[in-house]
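Understanding the architecture of this molecule
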Amino acid sequence: MGSAQTNGTQTQIDQLANKIEPKVIQWRRELHQNPELGNFEVKTAEKIAKHLKALGLEVKTGVARTGVVAILRGGQPGPVVALRADMDALPVVENNTHNLPFASKVKTMFEGQQVGVMHACGHDAHVAMLMGAAEVLSGMKKDIKGIIKFIFQPAEEGSAPGQVGGAKLMVQEGVLESPKVDAMFGLHIRSDVEAGTITYRPQGMMASSDNFKITVKGQQSHGGTPWMGVDPVVTSAYIVTALQTIVSRQVDVTNAAAIVTVGAINGGVRANIVPSQVEMIGTIRALDVPMQQQIHERLKKTATSIATGAGATAEVSIQEMTPVTYNHEALTAHMLPSLQRVAGTNQVKLTKPVTIAEDFAYFQQKVPGLYLFLGGMPKGADPAKAPAHHTPDFYIEESGLKLGVRALANLAVDYLNNPMK
């Protein structure tokens, strides 16, 4: 089982995690107060690299633009595991409804306009916990059987239009090679899960995310004589409605959940002119690859068939953004005893999948990976009232960070001691 570890090693991890907890919380606060957007995490990367170098690790900076990767070579031979944290913040103005002395007041330019910058998804906590895990594991280096890679990833929330970034670029640059990673672990703090709790799910845990664009072309006419043209507005209305039947009527949702959302629709300039074209954009979410591909095919067929029937045309393009975050089944089962030992059996819970996306999926396409959720909600609070991720009121309970440090360190050591066959 994945929990193979001596009591001495487990105690050592716990003692070191207890000792550095105040530092982890302080790092998180400093990062929260100084957030940076994706691919601009310069100061964040400098802080991380300085800490890792002080631990005596082999450190490489500038990976996938601003990423940092460090290698810890244990005192004994063994396999290679990787631990990952994402670093970027979001263009959100923090409301500071919780009166935090370390709330963000940072402003910057984003896509041509001035915006606030906030760690509104917990990446500051992720960085702090992995910095802590690196310190814990460095303190027991001679007893480690193998190699641990610490991967601090930029731009999880996305890159500028037309750019490749984040996990995808890290994989392209060979972050999982030299030495080759055998298994990989990551976690994401959740504002609606009670601190002290870890949730997991084998197979599809987070959805794929694809963007689509549909351009409906008709024939322009006077608004008072629409029969003299082909109306792309009315045609688009039929398409928007019909797209909702893909999930509700055309695919087997008992296999996996899926979503098709039209997020914007634009066309026309005057009340009395039927325009020549309408453009709509949206997102597709799915929890397994066959469902994802089936929706792609049906979306194209639905849009083009309705347009043809109305005498118009529809051009459909789909951009695959993020794959399904798919937890390796055997690895999940192998490491479950480790999680239960660290958090307590009753505090490790199977969770429902979610239809938000996470680019940790790119790592999982190359190596067996396990991604977890870590509770960050105050104990006894109502999950329904917890401030959501990506909102100005986002808040996490810092008492949950130590469990994150312990979970990451134990997953790494347990796998190295007893790798999956």
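Tallying secondary structure elements over the protein chain gives nine helices and 18 strands in all. The C-alpha atoms of the protein chain give a radius of gyration of 24 Å, which matches the 22 Å a tight globule of 421 residues would have. With the C-alpha coordinates aligned to their principal axes, the bounding extent of the protein chain is approximately 85 × 45 × 45 Å. A separation threshold of at least 6 residues defines the contact pool for the protein chain, and within that pool the share at least 24 residues apart is 83%. When the accessible surface of the protein chain is totalled, it reaches about 18,300 Å², and 52% of it is carbon and sulfur. Side-chain charges of the protein chain comprise 39 positive and 37 negative groups, with the mean position of each set lying 3 Å from the other.

This part takes up the pattern of salt bridges. Applying the stated criterion across every chain yields a total of 17 salt bridges. Across the salt bridge formed by Asp-14 and Arg-406, the nearest N and O atoms sit 2.7 Å from each other. Placement of the pair is Asp-14 in helix H1 (residues 7-33) and Arg-406 in helix H9 (residues 401-417), with a sequence separation of 392 residues. A salt bridge links Lys-180 to Glu-177; its shortest N-O distance comes to 3.9 Å. Since its relative accessible area comes to 39%, Glu-177 is described here as partly exposed. Residues joined in a network through salt bridges with shared partners are Arg-28, Arg-29, Asp-124 and Glu-398.

As summarised here, the arrangement of the four strands in space is E12-E14-E10-E15, forming an open sheet in which the pairing is antiparallel. Each having just a single partner strand, strand E12 (258-266) and strand E15 (313-322) make up the two edges of the open sheet. Recorded for the sheet is a direction-independent mean angle of 20 degrees between the axes of neighbouring strands. Across eight bridges, E12 lies against strand E14 (residues 277-286) in antiparallel orientation. Bridge pairing in E14 places Thr-261 opposite Thr-283. Across the face of the sheet, helix H5 (residues 232-250) comes into contact with strand E10 (208-217), E12 and E14 while running at roughly 165 degrees to E12. Set on the sheet, helix H6 (residues 289-309) makes contact with E10, E12, E14 and E15; between it and E15 the angle comes to about 160 degrees.

Before going further, it helps to examine the nonpolar core. If you look at the biggest cluster of nonpolar residues, it comprises 68 residues, and the most contacted ones within it are Leu-83, Leu-137, Ile-148, Phe-150, Phe-152 and Phe-185. With near-sequence residues (within four places) excluded, Phe-152 lies in contact with Ile-48, Leu-52, Gly-67, Val-68, Ala-85, Met-87, Val-127, Leu-130, Met-131 and Met-170.

It is worth spelling out the packing of helix H3 (residues 123-138) against H9 at this point. Running from amino to carboxyl end, H3 crosses H9 at an angle of 50 degrees, the nearest separation of the two axes being 8 Å. Classified by the angle their axes make, H3 and H9 are oblique. Here H3 and H9 pass one another in a crossing that is right-handed. The segment H3 lies against H9, with Ala-125, Met-129, Leu-130, Gly-132, Ala-133, Val-136 and Leu-137 engaging Leu-401, Gly-404, Val-405, Leu-408, Ala-409, Ala-412 and Val-413. Tallied by class, the residues present in the contact of H3 with H9 amount to twelve nonpolar, two polar and no charged.

Take the packing of H5 against H6 next. Describing two packed helices takes the angle between their axes plus the distance from one axis to the other. Taken N-terminus to C-terminus, the directions of H5 and H6 make an angle of 150 degrees; their axes are 9 Å apart at the nearest point. Here H5 and H6 pass one another in a crossing that is right-handed. For the pair formed by H5 and H6, the contact residues are Thr-235, Tyr-238, Ile-239, Ala-242, Leu-243, Ile-246 and Gln-250 on the first element and Gln-294, Ile-295, Arg-298, Leu-299, Thr-302, Ala-303, Ile-306 and Ala-307 on the second. The class makeup of the residues in the contact of H5 with H6 is ten nonpolar, four polar and one charged.

Pairing is mixed in the open sheet, where eight strands are placed in the order E1-E2-E6-E3-E7-E18-E8-E17. Where the open sheet ends on each side, the last strands, each with one partner, are strand E1 (58-63) and strand E17 (348-350). Neighbouring strand axes in the sheet, compared pairwise and without regard to direction, differ in orientation by 25 degrees on average. In the sheet, strand E8 (residues 198-200) pairs with E17 via three bridges, with the strands oriented parallel. Bridge assignment links Ile-198 to a residue of E17, and that residue is Val-348.

Rules behind the numbers
- All residue numbers refer to position in the chain's written sequence, counted from 1.
- Local features are withheld for residues below a pLDDT of 70 in this predicted model, meaning they are given only at 70 or higher, and side-chain atom pairs are given and counted only at 80 or more; totals for whole chains, interfaces and linings count all residues.
- Side-chain measures were taken over the full set of non-hydrogen atoms in the model, leaving aside hydrogen atoms and water.
- Secondary structure follows DSSP: runs of H or I at least 4 residues long count as helices, runs of E at least 2 residues long count as strands, and numbering of each begins at the N terminus.
- This radius of gyration counts C-alpha atoms alone. The globule rule is 2.2 Å times how many residues there are, raised to the power 0.38.
- Residue contacts are counted whenever heavy atoms from the two residues lie within 4.5 Å of one another.
- Residue-level accessible areas treat just the shown protein chains as cover; the underlying method is Shrake-Rupley with a 1.4 Å probe.
- Charged-residue counts in this description rest on Lys and Arg as positive and Asp and Glu as negative, His and the chain ends being excluded.
- To locate a charge, take NZ of a lysine, CZ of an arginine, CG of an aspartate or CD of a glutamate.
- Salt bridge, as applied in this entry: a Lys or Arg side-chain nitrogen positioned within 4 Å of an Asp or Glu carboxyl oxygen.
- Here the term buried applies to any residue with accessible area under 20% of the maximum for its type, exposed to any over 50%, and partly exposed to those in between, with areas from a 1.4 Å probe on protein chains only.
- Here the rule is simple: two strands pair whenever DSSP picks up at least two bridges between them.
- For every element, the axis is a line fit to its C-alpha atoms; helices are fit only across the contacting stretch, and the angle between N-to-C directions ranges from 0 to 180 degrees.
- What is meant by a nonpolar core is a set of buried Ala, Val, Leu, Ile, Met, Phe, Trp, Tyr and Cys residues, joined one to another through side-chain atoms within 4.5 Å.
- Orientation labels follow simple angle bins: below 35 degrees gives roughly parallel, above 145 gives roughly antiparallel, 65 to 115 gives roughly perpendicular, and whatever is left gives oblique.
- It is the rotation of the near helix from the far one that decides the hand of a crossing: anticlockwise by less than a right angle makes it left-handed, clockwise makes it right-handed.
- All amino acids are sorted into three groups, where Ala, Val, Leu, Ile, Met, Phe, Trp, Tyr, Cys and Pro are nonpolar, Asp, Glu, Lys and Arg are charged, and the leftover types, Gly among them, are polar.

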